[in-house]
Amino acid sequence: MPSLPLRLGVNIDHVATIRNARGGRHPDPVRSAYLAAAAGADGITAHLREDRRHISDGDIARLANEIQLPLNLEMAATEEMVSIALRHRPHAACIVPEKREERTTEGGLEVAGNMDALRPIVARLVDAGIRVSMFIEPDPRQLDAAKALGAPVVELHTGSYCDHEGAARDHELERIRAAAAHAAAIGLECHAGHGLSFDTVKPIAAIGSIAELNIGHFLVGEAIFIGFEAAIRHMRALMDEARR
Ligand code: PXP
């Protein structure tokens, strides 16, 4: 199968983390979204968490109204988040698991075991014209469940791949490759993300059936050293190199 074009979604949650460390308005995540666009991002991703620890309701409203790039709202499968998504109608909504005590999204969503609860949520978002993706482990059971719910997209969790090294990382990469092939075979668009860095992005970007990578924490961290735009441009270049 020929490779698909590969989009880069820049996750700006941790611009908001830095802002919230002091309160106030600086640094402004919306300004970072404009910079990301100028640096070649294809979309902006933001996770409105239940505890609002980084992105706020006001950020989502401004991102939805002001930026030109497609907005991908990461959200838990709750009534509150569904009504926020229906109010702002982002281009896409990525349904993620959320535990209050976690530092970041740990592990993928258990779709197969929660079909009855997830079905109406996916249906309401899809009916509103929002492109729904489900953030899952690279596990064929979860892919089949997402397909059965009518979600057009899955995002494969790359956290385990990034956290391991050597043979264990190779094993995780194989799982991601197999899951991406399975997604293509059953007609799901496949995205990937979590924990990706300059060191880990290329083998994932080389998987031709993956259409989008969502990357945040590393880019915001790297911005301290080389600047946000330069970090995004370098990430984009590594992705393009891997795709060639
Ligand atoms: N994709 C999803 C679904 C996520 O929840 C996150 C983290 O919010 C990311 C991608 C980006 O992960 P990172 O910030 O580690 O690059």
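Located above this text is the structure these notes cover.
The notes below deal with the structure included here. (Residues numbered from 1 in each chain as written. Predicted model: local features only at pLDDT ≥ 70, side-chain atom pairs only at ≥ 80, totals over all residues. Heavy atoms only, no water.)

## Digging into the side chain of R236
Formally: Secondary structure counts use DSSP, requiring at least four H or I residues in a row for a helix and at least two E residues in a row for a strand, with both numbered from the N terminus. Contacts described as polar in this section are N or O atom pairs within 3.5 Å, which, within protein, must combine one atom able to donate a hydrogen with one able to accept it, while residues neighboring in sequence count only if both atoms come from side chains. For this analysis, residues touch if any pair of their heavy atoms sits within 4.5 Å.
Tracing the backbone shows R236 in helix α11 (residues 228–243). Only 2.8 Å separates the side chain of R236 from the side chain of D240, close enough to count as a polar contact. Excluding residues within four positions of it along the chain, R236 makes contact with L6, R7, L8, G40 and D42.

## Describing the packing of helix α6 (residues 140–149) against helix α8 (residues 166–185)
As a reminder, the rule being used: In this analysis, axes come from line fits to C-alpha atoms, helices being fitted only over the stretch in contact, and the angle between any two N-to-C directions falls in the range 0 to 180 degrees. Oblique is the label for any angle not covered by the other classes, which are roughly parallel (under 35 degrees), roughly antiparallel (over 145) and roughly perpendicular (65 to 115). Two helices crossing with the near one rotated counterclockwise from the far one by less than a right angle form a left-handed crossing, whereas a clockwise rotation gives a right-handed crossing. Under the scheme applied, nonpolar residues are Ala, Val, Leu, Ile, Met, Phe, Trp, Tyr, Cys and Pro; charged residues are Asp, Glu, Lys and Arg; polar residues are all the others, including Gly.
Here α6 crosses α8 at 25°, and the two axes come no closer than 10 Å. Viewed along their axes, α6 and α8 adopt a mutual orientation that is roughly parallel. Here the hand of the crossing between α6 and α8 comes out right-handed. Contact with α6, carried on its side by P140, L143 and D144, involves A179, H182 and A183 of α8 and no other residues of that element. Partitioning the contact of α6 with α8 into residue classes produces 4 nonpolar, 1 polar and 1 charged.

## A word on the pattern of salt bridges
For clarity, the cut-off: Salt bridge, as applied in this entry: a Lys or Arg side-chain nitrogen positioned within 4 Å of an Asp or Glu carboxyl oxygen. Partly exposed residues are those whose accessible area sits between 20% and 50% of the maximum for their type, while under 20% is buried and over 50% is exposed, using a 1.4 Å probe and protein chains only.
Applying the stated criterion across every chain, the model contains 19 salt bridges. Note that R233 and E229 form a salt bridge whose closest N and O atoms lie 3.2 Å from each other. Of this pair, R233 and E229 both sit in helix α11, 4 residues apart, which is roughly one turn of the helix. Residue R233 is classed as partly exposed on the basis of its relative accessible area, which comes to 44%. According to the relative accessible area criterion, E229 is partly exposed, its value standing at 27%. Overlapping salt bridges bring together R7, R131, E189 and E212 as one network.

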